[in-house]
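Letter by letter, the chains look like this.
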Amino acid sequence: MSDEFEGVKPSRRSFLTGAAAAGAAIGTAGAASAEGERLITEVQDWASGLGDGVDATPYGMPIEFEGDVVRRNVEWLTADTISSINFTPIHALDGTITPQGCAFERHHSGAIELKKSDYRLMINGLVDTPLVFTYEDLERFPRSQQTFFLECAANTGMEWAGAQLNGAQFTHGMIHNMEYTGVSLRTLLEEAGLPTDLTGKWVYVEGADASSNGRSIPIEKALDDCMVAFKANGEALRKEHGYPVRLVVPGWEGNMWVKWLRRIEIMDAPVESREETSKYTDTLEDGTSRKWTWVMDAKSIVTSPSPQAPIKHGKGPLVITGLAWSGNGAITGVDVTLDGGKTWQEARLAEPGKKMALTRFYLDIDWDGQEMFLQSRAIDETGYVQPTKDQLREVRGLNSIYHNNCIQTWWVKADGEAENVEIS
Amino acid sequence: MSKFPKFMLATALVGLTATPLMAEKLGLGRPALPDEIAAWDIDIATDGSNLPAGSGDVLVGEELFADYCAVCHGDFAEGVDNWPKLAGGADTLDHEDPLKTVGSYWPYLSTTFDYVRRSMPFGNAQTLSDDEVYAIVAYILYSNDLVDDDFVLSNETFAGVELPNAGGFIVDDRAETEYPNFTERCMSDCKDSVEITMRAAVLDVTPEETKARTIQAMVEATNPRNADSGETEAAAEPEAPAEEAAPEAPAEEAAAPMELDADLVKAGEKVFKKCKACHKIGDGAKHGTGPILNDVFNRTAGTAEGFGFSKVLIAAGEGGMVWDAENLAGYLANPRKFLKGNKMSFAGLKKDKDQAAIIEFLKSVSQ
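Computed from a predicted structure; not experimentally measured. Just so you know, the residues in each chain are numbered from 1, in the order the chain's sequence is written. Chain letters start at A and ligand numbers start at 1, both assigned in the order the entries are written. Predicted model: local features are reported for residues with pLDDT of at least 70 only, side-chain atom pairs are reported and counted for 80 or more only, and whole-chain, interface and lining totals are derived from all residues.

Turning next to the overall build of chain B. Helix and strand definitions follow DSSP, with helices as H or I runs of at least four residues and strands as E runs of at least two, each counted in order from the N terminus. Each helix and strand in chain B was counted, giving 15 helices and five strands. Here the C-beta atoms are placed from the backbone, and a residue counts as buried if at least 20 other C-beta atoms lie within 10 Å of its own, exposed if 12 or fewer do, and partly exposed otherwise. The 367 residues of chain B split such that 31% are buried. Relative to all contacts within chain B whose residues are 6 or more apart in sequence, the contacts with residues 24 or more apart total 59%. By definition, residue pairs are in contact when their C-beta atoms, positioned from the backbone, come within 7 Å.

In structure tokens:
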């Protein structure tokens, strides 16, 4: 036992440091000294006094000790914080559902405040009757509920040219996974009356904010699984995720999930808006660019250990964990390598993969304390195997920006610290 | 239909046949009225066929651009700081770090017109007239050397303009060029050796701005719960000018606190949303496109330390102009007219009550 923990009658602050020291001691020593650990042998304040009453926090925030599990911004990426993006702290989360309060945000004109009573949704274009719905109208349609991941097309985009950002939050944190409740887009379109010939038709969707972020979606997708959502993880959407209503476009790039959804138009051609021409198009080595690259291909990431979540306990039992997902269906397997890809072993999926939703994987090992080159590789139901960065570069070059679903390498050193690297 | 992975198309078509298209309607909602549709349905077809009637020329566009756009995009559309560059970059798309602008990358002019009309200026969207939009788009074309200086863009000349990269796009071909190659799942003896070829900690490929920092500093500085984050940030970022405006405040605090109308302050905070794209307020605020506005009320014009004011504002301050209620009202009503040559690209607050509210709000942050 370390001296600094001896006799501490903890204030909250000293408890924090004390707990860290005690944790380290237990981890290495494995057992307390002969007289036992004071945390156990002495009556602690919390075991004697009282805690907060039920009215202390009508809507709860995480306890202060989790204060570092927050969204973070990479300031140099964008000109200001209003048209910008931040990152989900995936290195510190487990399970698959992303709490709304730390789910990444991306705005083009800032997160607006739009009251339910001021909300209107218009459906127009090639429909029998152009309609306007209020929020209350939406609540009267039959509902559906399903969990989907949302990944920004630019997730991992800073890593095209080389290993750049040191942390899973920054390399892979433009993603979240929520259980949505809403109305299927198909139901709303049918209420307005679809054209009899759907061939070559498109659905244009736009938001109520100043950017309006319009996107064109082929009718096949619009009628397949898109959802007009008003709840996420059981409660109202957060302002930053489009309160009161956003579009859900399962498996497709996050930019299409229009927030503050205000208008849906059936058209006979795509609009070719700013967000589907000048942005969210993928430039290849010869200077031509792919457009309509909507699907987010299968991808995975080891969230721990990782640069922001180093190994602190030394050798012995180690839980390696991470996330996998595919816009083309369900994850069927995840492989993990400790030696940079010489040999792979199949990780355990916490639950069978669900279509277009995050899957949690675990690999429990007995770490020998030697350095590792840790990678994970996702396989989805179509048989697609997540590619290496070199495989992607071979097809696309270095200027693609979007849709980087390459295998990520963490160099875990003997001291447990990890670093983002590229390997041969 | 090659743009769809086969399995998806199959699913969609099964869906279309399995569920009757003429599903039972619930009779919810109400018909959208023609004026409502006209107000919201403003997207422009790529051939420009549904453009509003109107026109604007390069010279008028140049003036408007200087007033409304140059503060972020530069006088010649060359971009300021990290804000988008709108001109230049011709023939760079196959280079390392291509420069993607309206001239070098955007395939359709309809996109430019639609975006300027719909979303610009940043923080004051949908305040430009259609003729102003035509003029600004004409100037953007001119700044890309795509038209001459006597060019007039209108709903009639629009179709005659083809952007250079119109043919530069192909439809997503991953299903053919990638998916068949990404199927191998080697489990053992997959490679002989593993060498590190690049490390994030070396940061030798990070953009210029990050070279001065370590990742750790970034992590510290971006932690919103880190009380010192503002200072760490300023120290780590060389181009961030000193922001010592705050320490001056105590000297002025001798003055009696101003009386405030709480409701008006609240209303002003709402109106301030029009301003906050450029102006920051609060602890740790930094100059943005415009100066920070902490303590702006009764401050001498052009004196917020570390901000690059226009010559006219500095001169006005040297001449004794102070941002009192009267001057603020005049400036906010019509910034360009109030002080010719200043850089604030803002159309102005037309309503007296909005002006009064914002002045009350600015007072509240100047206590």
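Here the narrative resumes, following the displayed structure.
Regarding its fold elements, chain A presents eight helices and 24 strands. Its C-alpha atoms give chain A a radius of gyration of 24 Å, near enough to 22 Å, the size a compact globule of 424 residues would have. Over its C-alpha atoms, taken along the principal directions, chain A stretches across nearly 80 × 55 × 40 Å. Within chain A, contacts between residues at least 6 apart in sequence are counted, and of these 69% link residues at least 24 apart. The reference for a compact globule is 2.2 Å times residues^0.38; the radius of gyration itself is calculated from the C-alpha atoms.

Residues and elements named next belong to chain B. In this scheme, a helix's expected span is set at 1.5 Å multiplied by one less than its residue total. The end-to-end C-alpha distance of helix α15 (residues 352-364), which contains 13 residues, comes to 18 Å, matching closely the 18 Å that a straight helix rising 1.5 Å per residue would cover. All buried positions along α15 are accounted for by Gln355, Ala356, Ala357, Ile358, Ile359, Glu360, Phe361, Leu362 and Lys363. If you follow the buried residues of α15, they end up packed against α11 (262-271) and α13 (325-333).

So, about the interface of chain A and chain B. When the parts of a complex come together, some accessible area is lost, and that lost area is often used as the size of the interface. With 86 residues of chain A at the interface, the matching set in chain B holds 83 residues. The element contributing the most residues to the side of chain A that touches chain B is strand β24 (residues 418-423) of chain A, with five residues. For the side of chain A that touches chain B, the residue count by class is 31 nonpolar, 31 polar and 24 charged. When strand β15 (residues 289-291) of chain A meets strand β4 (residues 169-171) of chain B, the two strands line up parallel, connected through three bridges. Across the sheet, residue Arg290 of chain A finds its bridge partner in β4 of chain B, namely Ile170 of chain B. Each residue gets one label: Ala, Val, Leu, Ile, Met, Phe, Trp, Tyr, Cys and Pro are nonpolar, Asp, Glu, Lys and Arg are charged, and the others, such as Gly, are polar. Criterion used throughout: strands pair if DSSP finds at least two bridges between them.

Residues and elements named next belong to chain A. Segment limits for the domains were obtained from an automatic or database-derived domain assignment. Annotation of chain A at the domain level lists domain 1 (3-48), domain 2 (83-158 + 172-289) and domain 3 (299-421). Spacing between the C-alpha centres of domain 2 and domain 3 amounts to 28 Å. Taken together, the contact between domain 2 and domain 3 spans 23 residues of the former and 26 residues of the latter. Among the elements of the structure, β6 (144-151) and β14 (282-283) are those that each provide at least two residues to the side of domain 2 that touches domain 3. For the side of domain 2 that touches domain 3, the leading source of residues is β6, giving three residues. Across the side of domain 2 that touches domain 3, the residue classes break down as 10 nonpolar, 10 polar and three charged.

All names here are of chain B. The predictor attaches a confidence to each residue, called pLDDT, with possible values from 0 through 100. Considering every residue of chain B, the mean pLDDT works out to 81; 79% of them sit at 70 or more. Under a pLDDT of 50 for its full length, residues 1-21 has, in the predicted model, 18 contacts with residues more than four places off or in other chains. In this model, residues 204-254 is a region of pLDDT below 50 whose contacts with residues beyond four sequence positions or in other chains number 53 contacts. Interface confidence for the predicted complex, given as ipTM, is 0.89, next to a pTM of 0.79.

This brings us to the pairing of strand β17 (residues 316-325) of chain A. Residue and element names in this part refer to chain A. For β17, the tally of buried residues reaches seven of 10 residues, placing the bulk of the element in the interior. Across five bridges, strand β16 (residues 299-304) lies against β17 in antiparallel orientation. Bridge pairing in β17 places Val302 opposite Gly322. Inspection of the sheet shows β17 paired to strand β21 (residues 359-367) by nine bridges, in the antiparallel sense. Across the sheet, the residue bridging to Ala324 is Thr359, located in β21.

Here we take up the confidence of the model for chain A. Detailed reading of predicted coordinates is not advised where the pLDDT is low. Summarising the model, chain A shows a mean pLDDT of 92, and 92% of its residues fall at 70 or more. Every residue in residues 1-29 of chain A is under pLDDT 50, and counting partners more than four places away or in other chains gives 20 contacts.

Let us look at the environment of Trp292 of chain A. All names here are of chain A. Relative to the helices and strands, Trp292 resides in the loop between β15 and β16. Exposure remark for Trp292: the 18 C-beta atoms within 10 Å place this residue in the partly exposed category. Taking the C-alpha atoms as reference points, Trp292 and Asn328, separated by 36 residues in sequence, lie 15 Å from one another.

Residues and elements named next belong to chain A. Here strand β9 (residues 215-218) shows no split at all, with Arg215 and Ile217 on one side and Ser216 and Pro218 on the other all buried. As defined by bridge partners, strand β8 (residues 202-207) adjoins β9 across four bridges and the pair is classed as antiparallel. What sits directly across from Val205, in β9, is Arg215.

The strand order β14(A)-β15(A)-β4(B) describes an open sheet built from three strands, whose pairing is mixed. The open sheet is flanked by β14 of chain A together with β4 of chain B, the only strands paired with a single partner.

Our next topic: the environment of Trp410 of chain A. Residue and element names in this part refer to chain A. As for its placement among the helices and strands, Trp410 is situated in strand β23 (residues 409-412). Taking the C-alpha atoms as reference, Trp410 lies 9.8 Å from Ser376; in sequence the two are 34 residues apart. Not counting residues within four places of it along the chain, the set of residues in contact with Trp410 comprises Val302, Pro305, Ser306, Pro307, Leu374, Ala418 and Asn420.

Residues and elements named next belong to chain B. Packing of α11 against α15 leaves a shortest axis separation of 7 Å and a crossing angle of 100 degrees. It follows that α11 is roughly perpendicular to α15 by the angle criterion. For the pair α11 and α15, the contacting residues are Leu264, Val265, Ala267, Gly268, Glu269 and Val271 in the first and Asp354, Ala356, Ala357, Ile358, Glu360, Phe361 and Ser364 in the second. Each residue belonging to the contact of α11 with α15 can be placed in one class, and the counts come to eight nonpolar, two polar and three charged. The axes are straight lines fitted to the C-alpha atoms, using for helices just the contacting stretch, and the angles between their N-to-C directions are given from 0 to 180°. Oblique is the label for any angle not covered by the other classes, which are roughly parallel (under 35 degrees), roughly antiparallel (over 145) and roughly perpendicular (65 to 115).

Attention now moves to the packing of α13 of chain B against α15 of chain B. The packing of two helices is summarised by the inter-axis angle and the distance between the axes. All names here are of chain B. Look at α13 against α15: their axes get within 10 Å of each other, and the N-to-C directions meet at 130 degrees. By the angle between their directions, the pair α13 and α15 is classed as oblique. For the pair α13 and α15, the crossing hand works out as right-handed. Contact residues: Ala325, Leu328, Ala329, Leu332 and Ala333 in α13; Gln355, Ile358, Ile359 and Leu362 in α15. A clockwise turn of the near helix away from the far one marks a right-handed crossing, whereas an anticlockwise turn of less than a right angle marks a left-handed crossing.

Moving on, we come to helix α6 (residues 130-143) of chain B. Residues and elements named next belong to chain B. Between its terminal C-alpha atoms α6 stretches 20 Å, which fits the 20 Å expected from 14 residues at 1.5 Å a residue. α6 sits mainly inside the fold: 11 of its 14 residues count as buried. Buried residues of α6: Val133, Tyr134, Ala135, Ile136, Val137, Ala138, Tyr139, Ile140, Leu141, Tyr142 and Ser143, and no others. Turning to α6, the residues buried within the fold contact β2 (55-57), α3 (58-68), α5 (109-119) and β3 (152-154). Two residues or fewer after α6 comes Asp145, characterised by a positive phi angle close to 60 degrees.

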